[in-house]
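Analysis of the macromolecular model
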Amino acid sequence: MKGFNVIFDDTILFPEGGGQNDDHGIIWNEDQDENSAYQVKRVVRKNGQAVHFVTADKPFEKGLTVIQKVDWTRRFDHMQQHTGQHLISSIFDKIGIETLSWWMAENEVGKVGVSYIELDTKETCHEQLEHVEDECNQAIRDHLEVKTLVFAPGSEELQNAKTRGLPDDHEGSIRVIKIGDIDQNMCCGTHVSNLSQLQVVKLLYTEKKKNKFFLYFLVGSRVNQYLAQCFKREKDLTSILNGGPEHHGELTDKAVKNSKKYQKSTQNLLKEMANLTANQLKTTKPKFYSVHRPEMSNDFINILLTQLGDQDIFILVTMGNDKEGPCQLVMSMNTPNGMEILNSLGASVCEVLEAKARADPKTLRTNGKFSSLKNREKADKIIEQFFL
C-alpha cells in the first residue's frame, strides 16, 4: 500500500492511544469534491502530534488546505467499546477489583472483535460477573449522562478522577470522562454522550494467562453482530449435524468419536498395505518404486521404508491433495551410493515437482514439500529414465 505520513495543523481523527484503536477516514482538497478523496488508513501519536498515513501516489504540498471526514461507523463502534470499558471497570472497582489495562480488538471481515480488560485479581466467580453485567445494563437503562470535562493540570477537580497515568509527552489540559455519579476517569479517547447509546454490555468469559487475569467483553453493535454470527454458525451446524442446537454438543462428540474410530481403521489398513507392498517388492526386487497416496500417513512410509531397509530399491512416496494444502514427499535409497543417487536423481525429482526438500545422509532419506501434483507423472518418467 503506497502512501505518506501527513501531519495537519488540526485533526478530527483520533490517533491510537489509551487502549483505543485509531480512527480511519478520508481527506480531500477544499477546491475539489469528495470523489477525489484520499483514504486515511492509520493515525498514530508521535512526539505529541497525530501522524496520519494517507494512501496517495505522491506527497502533499505543505500548506494545502483539506477537508477531513471520519469513518463514523468505525468511530461510533470505538466510542461504544471505550465507554463500555469505563463502565465495566467502574462497577468492578466498586467490588474491590481494579483495572490494570485494557485492549480494544479490531473488527475483521467475518469476525467480531472481542476486547478484554486486565483485572487486578486471581479469579472471579460467576455471581460477580453476573452482578457486574446486570449493574452495567441497569446503568444503560437509566440512560446516565456521559460528560467530557477539561481541567488545567493541578486542578483540584482532578483529585477525584482515576487514572492509570498520562502519556510522557502529554502537554496542556487534561480530559476527564464522567459517567453520571459512578465514575470519573482521565482519558484521551472518544466516548458516547449518554449510556443509552451503548445499548447493551455482554461479559463473555475470563481467562488466566501468564499470571494475568483477563475479562473478555462486547458492547453495543458488536453484541448484535456476534449474535448474528453465532446464529449463522448454529444454523450451519444444525444442517451438518442433522440435529437442533440443544443436541449440538452430543452430536459433535459422537461425530468426533466416529472420526477417531474411522481414522484408526484407516491407519490399520494402511499399515497392512505397507507390509503387503514391502513383501511384494522384496519378491519382485524392482530397481525403483514410486507411489502417490492421497491420504497423509507417516505410518505407511515408516513401515514401508523399515521393511525395505536392506533392499537395493529407490523409493519415492508422495502424499496429499494439492487442493487442500501442501503435499509431502519422501525418497529413500539404502545402498552404499544411496546419498549420491539422492543428490542427483532426488534433485531432478524435486526440481520437476518444484519441491523444497533436504537429504539426510544419516537416514539416507530426502523429505520435502511441494504445492502441485501437475508434474507428478513427469517425476516418474525421470526415475524410469535414470534406471534404464
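Everything that follows concerns the structure shown earlier in this document.
Our next topic: the overall build of the chain. When its secondary structure is counted, the chain shows seven helices and 17 strands. In terms of C-alpha radius of gyration, the chain reaches 32 Å, well past the compact-globule figure of 21 Å for 388 residues. Principal-axis analysis of the C-alpha atoms gives the chain an extent of 95 × 60 × 40 Å. In the chain, buried positions account for 38% of the 388 residues. Pairs at least 24 apart in sequence give 63% of the contacts found in the chain among residues at least 6 apart. On the chain, roughly 23,100 Å² of surface is accessible, and the fraction owed to carbon and sulfur atoms is 48%. Separation between the mean location of the 48 positive side-chain charges and that of the 54 negative ones in the chain comes to 8 Å.

Another aspect to go through is the pairing of strand β7 (residues 115-119). In terms of residue burial, β7 counts as a mostly covered element, since four of its five residues are buried. With four bridges joining them, strand β6 (residues 99-103) and β7 adopt antiparallel strand pairing. For Trp 103, the partnering residue across the bridge sits in β7 and is Tyr 116. Bridge count between β7 and strand β12 (residues 212-219): five bridges; the pairing is antiparallel. Pairing of Leu 119 across the sheet is with Phe 213, part of β12.

With that out of the way, let us pick up the sheet that holds strand β9 (residues 174-179). Strand order across the open sheet formed by three strands is β8-β9-β10, with antiparallel pairing between neighbours. Two strands in the sheet have a free side with no partner beyond their single neighbour: β8 (146-151) and β10 (183-186). This sheet shows a mean twist of 25° between the axes of neighbouring strands, independent of strand direction. Looking at chain direction, β9 and β10 are connected through four bridges and run antiparallel. Bridge pairing links Lys 178 to Gln 184 in β10. With respect to the sheet, helix α1 (residues 72-94) is in contact with β8, β9 and β10, its orientation differing from that of β9 by roughly 65°.

Here the focus is the pattern of salt bridges. Side-chain pairs of opposite charge can arise where the charged atoms are in close proximity. As enumerated under the stated definition, the model contains 16 salt bridges in all. Taking the shortest distance from any N to any O, the salt bridge between Arg 74 and Asp 22 comes out at 3.2 Å. One end of the pair, Arg 74, is in helix α1; the other, Asp 22, is in the loop between β1 (3-6) and β2 (25-29), and 52 residues separate them in sequence. Of the two residues examined, Arg 74 and Asp 22, each falls in the buried class. In this structure, Asp 380 engages Arg 376 in a salt bridge whose closest nitrogen and oxygen atoms are separated by 2.8 Å. Remark: Arg 376 and Asp 380 occur in helix α7 (residues 376-386); sequence separation between them is four residues, near one turn of the helix. Arg 376 gets classed as buried once you look at its relative accessible area, which sits at 8%. Among the charged side chains, a network of salt bridges with common partners joins Glu 16, Asp 22, Arg 42, Arg 74 and Glu 106.

The next point concerns the packing of helix α6 (residues 338-353) against α7. Orientation of α6 relative to α7, taken along the N-to-C sense of each, is 155°, at an axis distance of 8 Å. What the angle tells us is that α6 and α7 run roughly antiparallel. Considering how the two elements wind past one another, α6 and α7 form a crossing that is right-handed. Contacts between α6 and α7 involve Ile 341, Ser 344, Leu 345, Ser 348, Val 349, Val 352 and Leu 353 on the former and, on the latter, Arg 376, Lys 378, Ala 379, Ile 382, Ile 383 and Phe 386.

Moving on: unusual backbone geometry. One non-glycine residue, His 143, lies in positive phi territory at about 40°. The phi torsion at Lys 285 lies on the positive side, around 50°, for a residue other than glycine.

The subject of this paragraph is helix α4 (residues 248-284). For α4, spanning 37 residues, the distance from its first C-alpha to its last is 53 Å, which sits close to the expected 54 Å at 1.5 Å a residue. By the burial criterion, the buried members of α4 are His 248, Leu 270, Ala 274, Thr 277, Ala 278 and Leu 281. In the core, the buried residues of α4 are packed alongside α3 (221-241), β13 (288-293) and α5 (298-307). Phi turns positive one or two residues past the end of α4, at Lys 285, with a value near 50°.

With that out of the way, let us pick up the nonpolar core. Formed by 28 residues in total, the largest nonpolar core has its most connected members in Leu 87, Ile 88, Phe 92, Leu 195, Val 201 and Leu 203. Residue assignment for this core shows that the elements contributing at least two residues are α1, β7, α2 (126-141), β9, β11 (201-209) and β12. Once you skip the residues sitting within four places of it in the chain, Ile 88 turns out to touch Ile 117, Val 132, Cys 136, Val 201, Leu 203, Leu 215 and Phe 217.

A cluster of acidic residues, Glu 127, Glu 130, Asp 134 and Glu 135, forms a negative patch at the surface. Within the secondary structure layout, Glu 135 lies in helix α2. Residue classification places Glu 135 among the partly exposed positions, given a relative accessible area of 37%.

Cut-offs and rules
Residues numbered from 1 in each chain as written. Predicted model: local features only at pLDDT ≥ 70, side-chain atom pairs only at ≥ 80, totals over all residues. Heavy atoms only, no water. Helix = DSSP H or I, 4+ residues; strand = E, 2+ residues; numbered from the N terminus. Rg over C-alpha atoms; globule rule 2.2 N^0.38 Å. Buried < 20%, exposed > 50% of the residue type's maximum accessible area, 1.4 Å probe, protein only. Contact = heavy atoms within 4.5 Å. Areas by Shrake-Rupley, 256 points an atom, 1.4 Å probe, with all protein chains shown as cover. Lys, Arg positive; Asp, Glu negative; His and termini not counted. Charge placed at Lys NZ, Arg CZ, Asp CG, Glu CD. Pairing = 2+ DSSP bridges. Axes fitted to C-alpha atoms, helices over the stretch in contact; angles between N-to-C directions. Salt bridge = Lys/Arg side-chain N within 4 Å of Asp/Glu carboxyl O. Parallel < 35°, antiparallel > 145°, perpendicular 65-115°, else oblique. Left-handed = near helix turned anticlockwise from the far one by under 90°. Expected span 1.5 Å × (residues − 1). Core = buried A, V, L, I, M, F, W, Y, C linked by side-chain atoms within 4.5 Å. Patch = residues over 30% accessible without salt bridge, like charges linked within 9 Å, V, L, I, M, F, W, Y side chains within 5 Å.

On their own, these measurements won't tell you what the molecule is for.
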